[in-house]
Protein chains: 2
Amino acid sequence: MIDRLISQIEATQNPTVVGLDPTYAMIPSFIKEEMLETYGKTPKAVAEMFIRFNKSILDEVATLIPSVKPQIAMYEQYGLEGLRAYMETVAYAKEKGLVVIGDIKRGDIASTAAAYAGHIAGVKIEGEHFDLWQEDAVTLNPYMGFDGIEPFIAACNEQDRGLFILVKTSNPSGVEIQDLMVNGLPVYDYSADLVSKWGELTMGTEGYSRIGAVVGATYKEQGIELRKRMPHTFFLVPGYGAQGGKAEDLKDYFDKNGSGIIVNSSRGIIAAYQKDKEVTEKEFAIAAKKAVLAMRDDLQGVMR
Amino acid sequence: MIDRLISQIEATQNPTVVGLDPTYAMIPSFIKEEMLETYGKTPKAVAEMFIRFNKSILDEVATLIPSVKPQIAMYEQYGLEGLRAYMETVAYAKEKGLVVIGDIKRGDIASTAAAYAGHIAGVKIEGEHFDLWQEDAVTLNPYMGFDGIEPFIAACNEQDRGLFILVKTSNPSGVEIQDLMVNGLPVYDYSADLVSKWGELTMGTEGYSRIGAVVGATYKEQGIELRKRMPHTFFLVPGYGAQGGKAEDLKDYFDKNGSGIIVNSSRGIIAAYQKDKEVTEKEFAIAAKKAVLAMRDDLQGVMR
């Protein structure tokens, strides 16, 4: 998937990944009303809201972007119906040719990680293979070390799937553990070195590994140091837009070919209609498209 | 939940938590055959296998133990049907009066953590409350710091739910990050101090916080140091049995009242029939009961 991601960034000239992280509050009222009327005040109603919302946005933006990143928590809170909406979103994005990064941030001991690897590997039942989750890549947490990563690597190599492992996260309190200093280097540098090493086990053909790193946009200097530290690791960069990261901050996150990162925005794109005075609520997907184009232009201004 | 957990450990005189982590390989063949015949080679068949397996074991062991800990990954790999089996397992264990710890190991930025908090808080849809996941407590990952924990604390206080946060995990490669040395102390000590501090926000009435720590049985000396370091933090201890931890190692994990920890065993109990020559396959739940009683006696030997 990493080679395909790189070629799709090249084709769209856009390193934007759209975070499909709907909340109840950002669903336009005409969709809410329709679904509440049809399904009542139920998780199924919310699931149908999310599906309608996401599909409408994907219909507008799919040809302009390389990838989407649905955050599973937003769906998981609505139980099985919510997760059905997650799966339908993943499937629809894949139909549109997008690289789908499931933002699941799992991480556990080996035997458990082997089960979580089903997200990208699928599962076999008496010889029949089921690809139930369908993500092209997923995010993982490194706190438990290689045990929790290794079971995913076979799927990376054999099914061309990918991983993005947390290194330096975009949130304020990420520093509490990640920035502890060990022999003069922060913990996230150690995470970076582990991710680089693990990445050697599953290299793509374009100089980047199928194992990428999550490196926030909100800690610019650290991000630039990490870019130098991990030259073969693709970065998934959260924190642009609503969390405060700016394109200018990301100039040196790109490699010398203007590649090497994808930049996520969620609320800033999918809820753009709530701040865009030129559109009606019914035009929420148009507002998302405008936000994608603005973000693309913003990022193109700093790519080399 | 922490007070209730403590009183149920007292009532059963047993600090054992049974890990309800079924795998396809440990389902007795007569259950497999029945479900494959009824539902075909499908995720639904596996879900029904897991439900039957878990309920049969719960029917035998529920009165002997304080708590169960289903590992969501084992279910999640089978998609929505698998997660339905997880939910039915949680609900059945709750009907039996057990404290249910969902082993989900989630962790994310604040807005996302607020969604994951739905596991213990439930979710509201237009004023209607749905408790879709029903866990009494869940496990979380500390790599992203307090942002990812805070959204759960309201549910701890208002709905008497609980958390167990990874500090020192039982797996071999947990050392890669957790044992990095920061000013003479390992990273896991810093995690421990954070967990202790966060725990002050939601204390129970028995001297322990509703925020506990995951501390593996497989690193005995470190576990004993952590017991001294976090006197108000209840420990969820994985790694006993199949992973190599022994009761003798846990002697000093208990507090001076013989309380302060619950010890998990998964395979060693639920798959006990595969190693127990005195039972037939149909008696798998009896074998689980024997294993629970043996583990209780083993642990009682080292409680003060």
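Residues numbered from 1 in each chain as written. Chains lettered and ligands numbered in written order. Predicted model: local features only at pLDDT ≥ 70, side-chain atom pairs only at ≥ 80, totals over all residues. Heavy atoms only, no water.

The name an unreviewed UniProt entry assigns to chain A is Orotidine 5'-phosphate decarboxylase, from the organism Cellulosilyticum lentocellum. Taken from UniProt, the Sequence similarities (unreviewed entry) comment for chain A reads in full: "Belongs to the OMP decarboxylase family. Type 2 subfamily." (UniProt positions renumbered as here; feature names shortened; annotations may be inferred.)

**Student:** Tell me about the interface of chain A and chain B, residues and numbers included.
**Tutor:** Interface extent is often summarised as the accessible area lost during association of the parts. In this assembly, 68 residues from chain A lie in contact with 68 residues from chain B. A buried area of about 5700 Å², summed over both sides, lies between chain A and chain B, and 63% of it is on carbon and sulfur atoms. Per-residue buried area on chain A facing chain B is highest for Lys41(A), Leu80(A) and Tyr143(A); these three make up 13% of the total on that side. A salt bridge links Lys105(B) to Asp108(A), with the nearest nitrogen and oxygen atoms 2.8 Å apart. Put simply, chain A and chain B have 35 residue pairs in polar contact (both at pLDDT 80 or more) between them. Element by element, the count of residues in the side of chain A that touches chain B is highest for helix α10 (residues 187–199) of chain A, at six residues. Here the side of chain A that touches chain B is composed, by residue class, of 36 nonpolar, 19 polar and 13 charged. (Contact = heavy atoms within 4.5 Å. Buried area = accessible area lost by both parts, 1.4 Å probe. Salt bridge = Lys/Arg side-chain N within 4 Å of Asp/Glu carboxyl O. Polar contact = N/O pair within 3.5 Å; in protein donor to acceptor, adjacent residues only side chain to side chain. Helix = DSSP H or I, 4+ residues; strand = E, 2+ residues; numbered from the N terminus. Nonpolar A, V, L, I, M, F, W, Y, C, P; charged D, E, K, R; others polar.)

**Student:** Explain the sheet that holds strand β6 (residues 137–140) of chain B to me, and be specific about the residues and the numbers.
**Tutor:** All names here are of chain B. Strand order in the closed barrel formed by eight strands is β1-β2-β3-β6-β7-β10-β11-β12, with parallel pairing between adjacent strands. Judged from the three bridges that link them, strand β3 (residues 99–106) and β6 form a sheet pairing that is parallel. If you follow glycine 102 over to β6, its bridge partner there is valine 138. (Pairing = 2+ DSSP bridges.)

**Student:** Tell me about the environment of Arg296(A), and please be specific about residues and values.
**Tutor:** Residues and elements named next belong to chain A. Note on placement: arginine 296 falls in helix α14 (residues 284–300). Each C-alpha atom of the pair arginine 296 and leucine 64 lies 8.8 Å from the other, and the pair is 232 residues apart in sequence. Contact partners of arginine 296, with chain neighbours within four places excluded, come to Thr12, Gln13, Asn14 and Thr16.

**Student:** Can you tell me about the relation of the copies chain A and chain B, naming the residues and giving the values?
**Tutor:** Superposing chain A onto chain B requires a rotation of 180° together with a translation of 0.0 Å along the rotation axis, leaving an RMSD of 0.0 Å. Such a combination of rotation and displacement between the chain copies is what one expects of a two-fold axis. Rotation axis and chain A: the residue whose C-alpha lies nearest the axis is Val182(A), separated from it by 2.4 Å. By residue overlap, the copies meet face to face through one surface: 100% of the interface positions of chain A are interface positions in chain B. (Least-squares fit on C-alpha atoms with pLDDT ≥ 70 in both.)

**Student:** Explain the UniProt feature "domain: Orotidine 5'-phosphate decarboxylase" (unreviewed entry) in chain A to me, and be specific about the residues and the numbers.
**Tutor:** UniProt tags residues 15–282 of chain A as "domain: Orotidine 5'-phosphate decarboxylase" (unreviewed entry). With 40% helix and 18% strand, residues 15–282 of chain A has its two end C-alpha atoms placed 27 Å apart.

**Student:** Residues and numbers for helix α2 (residues 29–39) of chain B, please.
**Tutor:** Residue and element names in this part refer to chain B. Of all the positions in α2, only Ile31, Lys32 and Met35 are classed as buried. The arc enclosing the buried residues of α2, seen along the axis, measures out at 100°, which places them on a common side. For α2, exposure combined with an orientation more than 90 degrees from the buried face picks out Glu33 and Glu37. In the core, the buried residues of α2 are packed alongside α3 (43–61) and α14 (284–300). Directly beyond the C-terminal end of α2, a positive phi value near 75° is found at glycine 40. (Buried < 20%, exposed > 50% of the residue type's maximum accessible area, 1.4 Å probe, protein only. Arc of directions from axis to C-beta.)

**Student:** Give me the lowdown on the sheet that holds strand β6 (residues 137–140) of chain A, citing residues and values where you can.
**Tutor:** Residues and elements named next belong to chain A. Taking strand neighbours around the barrel as the criterion, the eight strands line up as β1-β2-β3-β6-β7-β10-β11-β12 in a closed arrangement whose pairing is parallel. Bridging between strand β1 (residues 16–18) and strand β12 (residues 261–265) involves three bridges; their strand directions are parallel. Directly across from threonine 16, in β12, lies its bridge partner valine 263. Against the sheet, helix α5 (residues 79–95) touches β2 (67–68) and β3 (99–106), its axis set at about 150° to β3. Contacts from helix α8 (residues 150–159) reach β6, β7 (162–168) and β10 (211–215) within the one sheet, and its direction differs from that of β7 by about 135°. (Axes fitted to C-alpha atoms, helices over the stretch in contact; angles between N-to-C directions.)

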